[in-house]
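Working through the structure, step by step
In case you want the letters, here they are:
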Amino acid sequence: MAVNINAIEIKGLSKSFGAKQAVCGLDMTVPMGAIYGFIGENGSGKSTTQKMICGLIPTGGGSIRLYGKDYTDPDVRSTLGVLIEAPGCFPGLTVWDNMMLQAANLSIPNAEDEVIRVLKTVRMEGAAGNKYKNCSLGMKQRVGIAMALLGDPTLLILDEPLNGLDADGMRIMREVFTDIIKDGKRSILVSSHLLGELQKVATHYGIIRHGRMIREMTAAELDASCRTYVALRTGEMNRSKMLLGCRYARVEEDEAGYIRVYDRTTPEDLVTYLYQNGICVTEIRTDKIGLEEYYIDLMNGGK
Amino acid sequence: MVKCKKRTFAQRLRSMLKVDFRRMCKSRLFYILLACALLMPVLMTVMMTMMDGSVSVDPQTGVETILHGPENAWQNIGTLPGGEAMGGTEVFAMCNINMIFMLVAVFICLFISDDFRSGYAKNLFTVRAQKGDYIAAKIVAGFVCGALMLVLYFAGTVLGSAISGLSFDLHGLTAANLVLCMLAKICLMPVFISIFVLVSVAAKQKAWLCLCGSLGAGMLLFMMVPMITPLGSTVMNVGLCLAGGLLFAAGLGAAGKTVLMKTSLV
């Protein structure tokens, strides 16, 4: 019988820095083959959790298992790829030298070929000869991701990997992430504040607040949880908003200038109601809230 | 099931050393220190020989001091039987070969603190759970650097003395004693290296703290170097230094490993 092993399994993880409890009884499960979006406010404990998984800071309690083994097991640790905060590169060395150092550290056979492969993956092969300190923020981030990909790791732990990337860089990263997990044996734990980008690739989510996991779900569950709304535009936006506000419980205007009605209703009802009040609807559509709005709702205590 | 690669200690240490030696070869500091170790005795011996017999007058007290240059090449390495250390003045007596034991602290401290400052330690310790590998590799890399500096200082002394036309007479000692003296110094190097490594891993990215701590701790043992590794060293001296070096490396290495395991690595 096949045993279902998770890539990461955390139970009751705790960590405090002096009097401040950074992580408090955290439970977390990253299944094999998942891109796990790890979300939370600044200071919620994401980076601390990731550092503990990587063995960079001692835990204050609880257990961490990677592929069914204790996280301190050297053999399982050798299969990790990591980018936490900033890429760990020597500023005075070239990108190539930094990559070769990490390849030597990982004892990768045919190191040169492997370095060329990962640099090509992140479209950095042309900048291999540049000194690391002369690279732009986006380039440094790409080097960090390339370094994490060295040696074909089975578990990638990435902390804010999309920071500083341009649109093309983000697209490349999406392709890289989906390519990595396609055989179902590799997993990625990625934290990011760019929730829109994260939603495009993540298969699972974990939302952390004040060091506690407040929600864990799959992308399908998120989709089911996200409320639908009707967005519309009329010739008289202010009067429409006022009229709709009298009839429906939650009516808001979004950044794009649409009035959103979150209550359970249909476009036909809204058009009829506004028409009866002498207002013509010029544009109307139904949509669902995204991860970002879901997250904000959750942080504000919504469901 | 994910298959994990099993690696022995030797394999892990080899790859770790590969990284450290690659970094050493790319490090400007390493070459600067080697150049210092080679040129310092040359310049010092030549200059002191040139200044031999010159008189300096203290402008406040009017006291005249006659500067004495070296009379023998090996005064830079140790005290000859019945003789005194180089030049006879305290400043130059402090700048003999034993100074390398302190100079190597600069290399170790900056080498280790660079790992933590650059964030490279994160990459390293994520994929390497055994902190002992790191300590062992740093001690070996530091030892190689220190031994190279000692050999270069010796070469610089010979070169400087040859340029200055100094005597190479060993005053009753043999060449074997000289070789054993150098071997004893090399074997004693791990004692200092392991202290510097321990202080550096404790201070991590704080290079200034690494340096101050290392030099301070090194000074405590510095005075024993000329006593335990005299010019007339025998096999006993080498054995003692070797035992001390191994003992310190193992003991302080274990302490360094504990420090890494118990503290944050970022």
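Since this is a predicted model, take the numbers as computed values, not measurements. (Residues numbered from 1 in each chain as written. Chains lettered and ligands numbered in written order. Predicted model: local features only at pLDDT ≥ 70, side-chain atom pairs only at ≥ 80, totals over all residues.)

Brief notes about the overall build of chain A
Which entries qualify depends on this criterion: Put simply, DSSP H or I for four residues or longer makes a helix, DSSP E for two residues or longer makes a strand, and each gets a number counted from the N terminus. Here exposure depends only on C-beta density: within 10 Å of a residue's C-beta, 20 or more other C-beta atoms make it buried, 12 or fewer make it exposed, and intermediate numbers make it partly exposed, the C-beta atoms being placed from the backbone.
Along chain A, the regular secondary structure elements total eleven helices and 14 strands. Across its three principal axes, chain A shows a C-alpha extent of roughly 75 × 45 × 45 Å. Among the 303 residues that make up chain A, the fraction classed as buried is 41%.

Considering the overall build of chain B
Stated precisely, the cut-off is as follows: We call two residues in contact when their backbone-placed C-beta atoms lie within 7 Å.
If you tally the helices and strands in chain B, you get ten helices and two strands. From first element to last, N terminus to C terminus, chain B shows the α and β order α-α-β-β-α-α-α-α-α-α-α-α. Across its three principal axes, chain B shows a C-alpha extent of roughly 80 × 45 × 30 Å. Considering chain B as a whole, with its 266 residues, one finds that 45% of them fall into the buried category. The contacts of chain B with a sequence gap of at least 6 include a subset with a gap of at least 24, amounting to 79%.

Looking at the pairing of strand β4 (residues 61-66) of chain A
Working note: regular strand, side chains alternate between the two faces of the sheet. Residues and elements named next belong to chain A. To keep it simple, the criterion reads: At least two bridges found by DSSP between two strands is the condition for calling them paired.
Pairing between strand β1 (residues 8-17) and β4: five bridges, direction antiparallel. Residue pairing across strands places serine 14 opposite glycine 61, the latter belonging to β4. Relative to strand β5 (residues 69-70), β4 runs antiparallel, the two being bridged by two bridges. By the bridge assignment, arginine 65 is partnered in β5 with aspartate 70.

A closer look at the sheet that holds β1(A)
Residue and element names in this part refer to chain A. Definition in use: Orientation is described by axes fitted as lines to C-alpha atoms, over the contacting stretch for helices, and by angles from 0 to 180 degrees between their N-to-C directions.
One open sheet accounts for four strands, arranged β2-β1-β4-β5; its pairing is antiparallel. Looking at which strands have only one partner, the edges of the open sheet turn out to be β2 (20-30) and β5. Packed onto the sheet, helix α1 (residues 46-53) meets β1, β2 and β4 and runs at close to 115° relative to β1.

What about the interface of chain B and chain A?
Note the cut-off: Gly is placed with the polar residues, together with every amino acid not listed as nonpolar (Ala, Val, Leu, Ile, Met, Phe, Trp, Tyr, Cys and Pro) or charged (Asp, Glu, Lys and Arg).
Listed per partner, the contact involves 29 residues of chain B and 36 residues of chain A. Residue assignment for the side of chain B that touches chain A shows that the elements contributing at least two residues are α1 (9-26), α4 (100-118) and α5 (120-127) of chain B. If one sorts the elements of the side of chain B that touches chain A by residue count, α5(B) sits on top with eight residues. Among the residues making up the side of chain B that touches chain A, the classes are represented as twelve nonpolar, eight polar and nine charged.

Details of the domain arrangement of chain A
Residue and element names in this part refer to chain A. Condition: In this entry, domain limits derive from an automatic or database-based domain assignment.
The domain architecture assigned to chain A consists of domain 1 (8-224) and domain 2 (226-299). Computed from C-alpha coordinates alone, the two centres of domain 1 and domain 2 are separated by 39 Å. Between domain 1 and domain 2, the contact holds ten residues from the first and eight residues from the second. Of all the elements in the fold, those that place two or more residues in the side of domain 1 that touches domain 2 are α7 (195-201) and α8 (219-225).

Notes on the sheet that holds strand β6 (residues 80-83) of chain A
All names here are of chain A. Read from one edge to the other, the open sheet built from six strands follows the order β6-β7-β8-β3-β9-β10, with strand pairing classed as mixed. Sheet topology places β6 and β10 (212-218) at the edges, where each strand pairs with a single neighbour. Recorded for the sheet is a direction-independent mean angle of 15° between the axes of neighbouring strands. Here strand β9 (residues 204-209) runs beside β10; their pairing, made up of six bridges, is antiparallel.

Focus: unusual backbone geometry
All names here are of chain A. For tyrosine 67, which is not glycine, the phi torsion reads 50° and is therefore positive. Even without being a glycine, glutamate 160 presents a positive backbone phi close to 50°. Secondary-structure assignment places glutamate 160 in the loop between β7 (155-159) and α6 (167-180).

Examining the confidence of the model for chain B
Keep this limit in mind: Every residue gets a pLDDT, meaning the predictor's confidence in that residue, from 0 to 100.
Per-chain confidence: chain B averages 88 in pLDDT, with 93% of residues scoring 70 or above. The complex prediction reports pTM at 0.81, with the ipTM value standing at 0.80.

Quick word on the nonpolar core
This is how the line gets drawn: The nonpolar core is taken to be a set of buried Ala, Val, Leu, Ile, Met, Phe, Trp, Tyr and Cys residues joined by way of C-beta atoms within 7 Å.
Membership of the largest hydrophobic core comes to 145 residues, with the highest contact counts inside it found for A:Ala146, B:Val104 and B:Ile108. Mapping this core onto the domain boundaries places at least three of its residues in each of domain 1 (8-224) and domain 2 (226-299) of chain A. Non-local contacts of B:Val104, meaning those with residues more than four positions away in its chain, are made with B:Gly142, B:Cys145, B:Gly146, B:Met149, B:Phe192 and B:Ile193. If you look at the next biggest cluster of nonpolar residues, it comprises eight residues, including A:Leu232, A:Leu244, A:Ile259 and A:Leu270.

Description of the packing of α4(B) against helix α7 (residues 175-203) of chain B
Residues and elements named next belong to chain B. Convention followed: Handedness of a crossing follows from how the near helix is turned relative to the far one, being left-handed for an anticlockwise turn of less than a right angle and right-handed for a clockwise one.
At a closest axis distance of 9 Å, the pairing of α4 and α7 adopts a crossing angle of 35°. At the point where α4 passes α7, the crossing takes the right-handed sense. When α4 is examined against α7, the residues Phe101, Val104, Ala105, Ile108, Cys109, Ile112 and Ser113 are found in contact with a partner set consisting of Phe192, Ile193, Phe196, Val197, Ser200 and Val201. Here the residues of the contact of α4 with α7 are counted per class, giving eleven nonpolar, two polar and no charged.

Remarks on α7(B)
Residues and elements named next belong to chain B. Inclusion rule: Between the first and last residue of a helix there are one fewer steps than residues, each counted as 1.5 Å, and that sum is the expected span.
Between the first and last C-alpha of α7 there are 42 Å, a value that for 29 residues agrees with the 42 Å anticipated at 1.5 Å per step. Counting buried positions over the 29 residues of α7 gives 22, a clear majority of the element. Positive phi shows up at lysine 204, right after α7, with a value of about 50°.

Concerning the environment of A:Ile181
Residue and element names in this part refer to chain A. The residue isoleucine 181 is located in the loop between α6 and β8 (187-191) in this model. The partly exposed category is assigned to isoleucine 181, around which 18 C-beta atoms lie within 10 Å. When the C-alpha atoms of isoleucine 181 and leucine 26 are compared, they prove to be 25 Å apart, with 155 residues separating the residues in sequence. Contact partners of isoleucine 181, with chain neighbours within four places excluded, come to Gly33, Ala34, Ile35, Arg186, Ser187 and Ile188.

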